[in-house]
Amino acid sequence: MADTADTAETQQVHDRKQAARAERRAARLAKQIGAFAKAHGGAEGQLAYIGQMGTRIVLVGEDGGWGDLVAPSYAVAEKATAKAGITMHESFDGEFAAKVRTGPYEWTRMAGIQVGGPSDKG
């Protein structure tokens, strides 16, 4: 019976450590989201589950700048975006997607992917 109690206690300690780790990760992500929002005049976001890797937090600034972060889980991503206080969207389409502004670098990368990679020539 002592083994069962030790196992349960060990599991509780493990669960508390996992919860604390997730909370710290959410706080770090929220800080990064806040910095992005500050640099881009505000931000909106969308969460995309990417399998075992976690959840992608797509950010679009009011100036059209964009970026993303990866959270270890959907729950951590939700907590981070809630802490950051940004508007969230269910999907990346319509008016939200239209806010994204791409520059020459992105267009070169996108075109380069189609033909084998970006060109280093002017």
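Everything discussed here concerns the structure shown above.
Notes on the structure in this doc start here. All figures in this text were calculated on a predicted structure; none of them were measured in a lab. (Residues numbered from 1 in each chain as written. Predicted model: local features only at pLDDT ≥ 70, side-chain atom pairs only at ≥ 80, totals over all residues. Heavy atoms only, no water.)

## A few points about the packing of aromatic side chains
To keep things clear, this is the line we draw: Note on aromatic pairs: the rings of Phe, Tyr and Trp (six-membered ring only in Trp) are paired at centre separations within 6.5 Å, and the planes decide the class, stacked below 30 degrees, edge-to-face beyond 60, tilted for the rest. Partly exposed describes any residue whose relative accessible area lies between the buried limit of under 20% and the exposed limit of over 50%, with all areas from a 1.4 Å probe on protein chains only and scaled to the type maximum.
Inspection of every chain in the model, using the stated rule, returns one aromatic pair. Seen from their ring centres, phenylalanine 92 and phenylalanine 96 are 5.1 Å apart, and the 80° between their planes marks the pair as edge-to-face. Classification of phenylalanine 92 by relative accessible area gives partly exposed; the value is 37%.

## Description of the sheet that holds strand 3 (residues 66-71)
So the rule is basically this: The rule for pairing is simple: two strands pair if DSSP sees at least two bridges between them. Each helix corresponds to a stretch of at least 4 residues labelled H or I by DSSP, and each strand to a stretch of at least 2 residues labelled E; elements are numbered beginning at the N terminus. Note on geometry: axes are C-alpha line fits, over the in-contact stretch for helices, and angles between N-to-C directions span 0 to 180 degrees.
Ordered by their spatial adjacency, four strands build an open sheet running 3-2-1-4, and the pairing between neighbours is mixed. Across the chains shown, the open sheet's two edge strands, defined by having one partner strand only, are strand 3 and strand 4 (87-89). Across the sheet, the axes of successive neighbouring strands diverge by a mean angle of 30°, strand direction being ignored.

## A few points about the pairing of strand 1 (residues 43-49)
Judged by how many residues are buried, strand 1 sits mostly within the fold: five of seven residues are covered. Inspection of the sheet shows strand 1 paired to strand 2 (residues 55-61) by seven bridges, in the antiparallel sense. Directly across from leucine 47, in strand 2, lies its bridge partner isoleucine 57. Between strand 1 and the antiparallel strand that follows it, strand 2, lie five residues; glycine 51 among them carries a positive phi value of about 80°.

## Thoughts on the side chain of glutamine 46
Filter applied, for reference: The contact definition used throughout considers only heavy atoms, calling two residues in contact when any of these lie within 4.5 Å.
Along the chain, the position of glutamine 46 falls in strand 1. Beyond its immediate sequence surroundings of up to four residues, glutamine 46 is in contact with Arg56, Ile57, Val58, Met88, His89, Glu90, Ser91, Phe92 and Phe96.

## Notes on the environment of glycine 42
Tracing the backbone through its elements, the reader meets glycine 42 in the loop between helix 1 (2-39) and strand 1. Separated by 45 residues in sequence, glycine 42 and threonine 87 place their C-alpha atoms 9.5 Å apart. Every residue in contact with glycine 42, bar those within four places of it in the chain, is listed here: Ala37, Val60, Gly61 and Glu62.

## Quick word on a nonpolar patch on the surface
The condition that has to hold: Patches here: salt-bridge-free residues with over 30% relative accessible area, like charges joined within 9 Å, nonpolar side chains (Val, Leu, Ile, Met, Phe, Trp, Tyr) joined within 5 Å. Values of accessible area rely on a 1.4 Å probe in the Shrake-Rupley scheme; residue burial ignores everything except the protein chains shown. What counts as a salt bridge is simple: a side-chain nitrogen of Lys or Arg found within 4 Å of a carboxyl oxygen of Asp or Glu.
A cluster of nonpolar side chains, Ile50, Met53 and Val70, forms an exposed patch at the surface whose accessible area comes to about 270 Å². Looking at where valine 70 falls in the secondary structure, it is placed in strand 3.

## Let's talk about the pattern of salt bridges
One pass over the full model with this rule turns up four salt bridges. Between lysine 83 and glutamate 23 there is a salt bridge, with the nearest N and O atoms lying 2.8 Å from each other. In this pair, lysine 83 is assigned in helix 2 (residues 74-84) and glutamate 23 in helix 1, connecting sequence segments 60 residues apart. The partly exposed category is assigned to lysine 83, whose relative accessible area is 44%. One salt bridge connects aspartate 68 with arginine 56, and the closest N-O pair in it is separated by 2.6 Å. Of this pair, aspartate 68 sits in strand 3 while arginine 56 is found in strand 2, placing the two residues twelve residues apart along the sequence. Overall, the relative accessible area of 37% leaves aspartate 68 in the partly exposed class.

As far as function goes, none of this settles anything; it's purely spatial.
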